[in-house]
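Spelled out, the chains give:
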Amino acid sequence: DLNGQLHGQHLAKEVIVRAVQGFLQSPQPQKALVLSFHGWSGTGKNFVARMLASHLYRDGLKSECVRVFISLFHFPHHKYMDSYKAQLKKQISETLQLCKQSLFIFDEAEKLHFSLLDAIKPFMARYDNKGQVDYRRSIFLFLSNLGGNTINEVTLDFWRAGRAREEISMEFLEQQLRLELLEPAENGYARSHLLEENLIDFFVPFLPLEYHHVKLCARDAFLARGLPYTEAALDEVAGMMVFVPKEEKLFSAQGCKSVSQRINYFL
């Protein structure tokens, strides 16, 4: 499914399949699996999170073993952080008691207050068996736009140098990504201790999408609705998107977001 439906993301495909497969096949993992997805909006982070949920659980995101938290929706006010922390720990513990293998998704993770990240840190650390629920089989996904600029710059540099985006290696990009995440900006990642304590197992970069990727998303959207499409229609949908930077007009500013709404225009 990743091969057929996730476009322009050779690194994400490779890392996610390797990480999740290795984790599920391990007879006794020492800690929960923690993946952090990074990249611009519309590049596939939520799409992959949904896909993972639907492959791990019969009811997908609706499963009682899956919890989705959206930073500004679930934890909007800084003055209530203490009650949010208690609530979050309780919800995670309850889900873990219910399901040996749970999936926790944190959307807009860069907007999570660092104290919330620190509060859930024990669930992501190595298991020490001190009477608490066993959380080693759970998976934590953090989805964040943070690091998007670094990822885009690297992708643009490769393009300018006449190199294929598929040549971008994980080692090269992960190094750059860590540097941006550690910048003491107003992001919870830098202020919590997730990075320095190496609790995040894999940073997964989502590259910016080009014109031909947007056309593939449009094709998928037509097919999902059982509608016929023409090459001209795909070009028209892709042509409605805004492309940046100003000179090259190479990357879709909103990735594939809003592609399916634009198809309504043809109905």
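It should be emphasised that the depicted structure is a prediction, and the values quoted were computed from it without experimental measurement.

Draft legend 1. Structural detail: the side chain of Gln-91. Of note, Gln-91 is situated in helix α5 (residues 81-98). Relative accessible area serves as the criterion here: at 19%, Gln-91 is assigned to the buried category.

Draft legend 2. Just the state of the cysteines, in detail. Under the defined criterion, the tally for this structure stands at two disulfides. With its sulfur 2.0 Å from that of its partner, Cys-217 forms a disulfide with Cys-256. As the torsion about the S-S bond is roughly 85°, the Cys-217-Cys-256 disulfide counts as right-handed. Residue Cys-217 is found in helix α10 (residues 211-224), and its partner Cys-256 is found in the loop between β7 (251-252) and α12 (259-263); the two are separated by 39 residues along the sequence. You'll find Cys-217 and Cys-256 in the same group, each marked buried.

Draft legend 3. View of the packing of aromatic side chains. Tallied over the full model, the rule gives eight aromatic pairs. A centroid spacing of 5.0 Å and a plane angle of 20° characterise the contact between Phe-69 and Phe-106, whose relative ring orientation is stacked. Here Phe-69 is found in strand β2 (residues 66-70), whereas its partner Phe-106 is found in strand β3 (residues 103-107), with 37 residues between them in sequence. Phe-106 gets classed as buried once you look at its relative accessible area, which sits at 0%. Aromatic ring contacts, followed pair by pair, group Phe-69, Phe-106 and Phe-142 into a single cluster. For the cation-ring pair, Arg-137 lies above Phe-23, with the distance from its terminal atom to the ring centre recorded as 6.0 Å.

Draft legend 4. Broad picture of the sheet that holds strand β5 (residues 202-205). On the basis of which strands lie adjacent, the open sheet formed by five strands has the order β2-β3-β4-β1-β5 and parallel pairing. Only two strands of the sheet have a single neighbouring strand rather than two, namely β2 and β5. With direction set aside, neighbouring strand axes in the sheet form an average angle of 15°. Examined bridge by bridge, β3 and strand β4 (residues 139-144) share four bridges and lie parallel to one another. Across the sheet, residue Ile-105 finds its bridge partner in β4, namely Leu-141. Along the sheet, helix α6 (residues 114-124) contacts β1 (33-38), β3 and β4; its crossing angle with β4, the most-contacted strand, is approximately 145°.

Draft legend 5. Here's a closer look at the environment of His-38. In this fold, His-38 is placed in strand β1. Residue classification places His-38 among the buried residues on the basis of a relative accessible area of 0%. Distance in space between the C-alpha atoms of His-38 and Ile-151 is 8.4 Å, their sequence separation being 113 residues.

Draft legend 6. Focus on the pattern of salt bridges. Within the structure shown, the criterion is met by 10 salt bridges. Here Arg-163 and Glu-167 are joined by a salt bridge, their closest N and O atoms 3.1 Å apart. Members of the salt-bridge network, linked through shared partners, are Lys-215, Glu-231 and Asp-235.

Draft legend 7. Spatial organisation of unusual backbone geometry. Of the consecutive residues Val-244 and Pro-245, the connecting peptide bond is found in the cis state with omega at -10°. Along the chain, the position of Pro-245 falls in the loop between β6 (243-244) and β7. Here Lys-249, not a glycine, exhibits a phi torsion of approximately 45°, which is positive. Within the fold, Lys-249 resides in the loop between β6 and β7. Positive phi, close to 75°, is recorded for Ser-258, a residue that is not glycine. In this fold, Ser-258 is placed in the loop between β7 and α12.

Basis of the calculations
Within any chain, residue numbers begin from 1 and follow the written order of that chain's sequence. Restriction of local features to residues with pLDDT of at least 70 applies here, the model being predicted, together with a cutoff of 80 or more for giving and counting side-chain atom pairs; totals for whole chains, interfaces and linings are based on all residues. For side-chain calculations, the full set of non-hydrogen atoms in the structure is used, while hydrogens and water are omitted. A run of DSSP states H or I qualifies as a helix once it reaches four residues; a run of E qualifies as a strand once it reaches two. Both are numbered from the N-terminal end. Throughout, exposure labels follow a simple rule: accessible area from a 1.4 Å probe, protein chains only, divided by the maximum for the residue type, with under 20% read as buried, over 50% as exposed, and the rest as partly exposed. We call a pair of cysteine sulfur atoms a disulfide whenever their separation is within 2.5 Å. The pairing test for Phe, Tyr and Trp rings, Trp by its six-membered ring, is centres within 6.5 Å, and the orientation test on the planes gives stacked under 30 degrees, edge-to-face over 60, and tilted for anything in between. Either the NZ atom of lysine or the CZ atom of arginine qualifies as a charge over a ring when it sits within 6 Å of the ring centre and within 35 degrees of the ring normal. Note on pairing: two strands pair once DSSP finds at least 2 bridges between them. In this analysis, axes come from line fits to C-alpha atoms, helices being fitted only over the stretch in contact, and the angle between any two N-to-C directions falls in the range 0 to 180 degrees. The contact definition used throughout considers only heavy atoms, calling two residues in contact when any of these lie within 4.5 Å. Between Lys or Arg on one side and Asp or Glu on the other, a salt bridge is scored when a side-chain nitrogen of the former is within 4 Å of a carboxyl oxygen of the latter.

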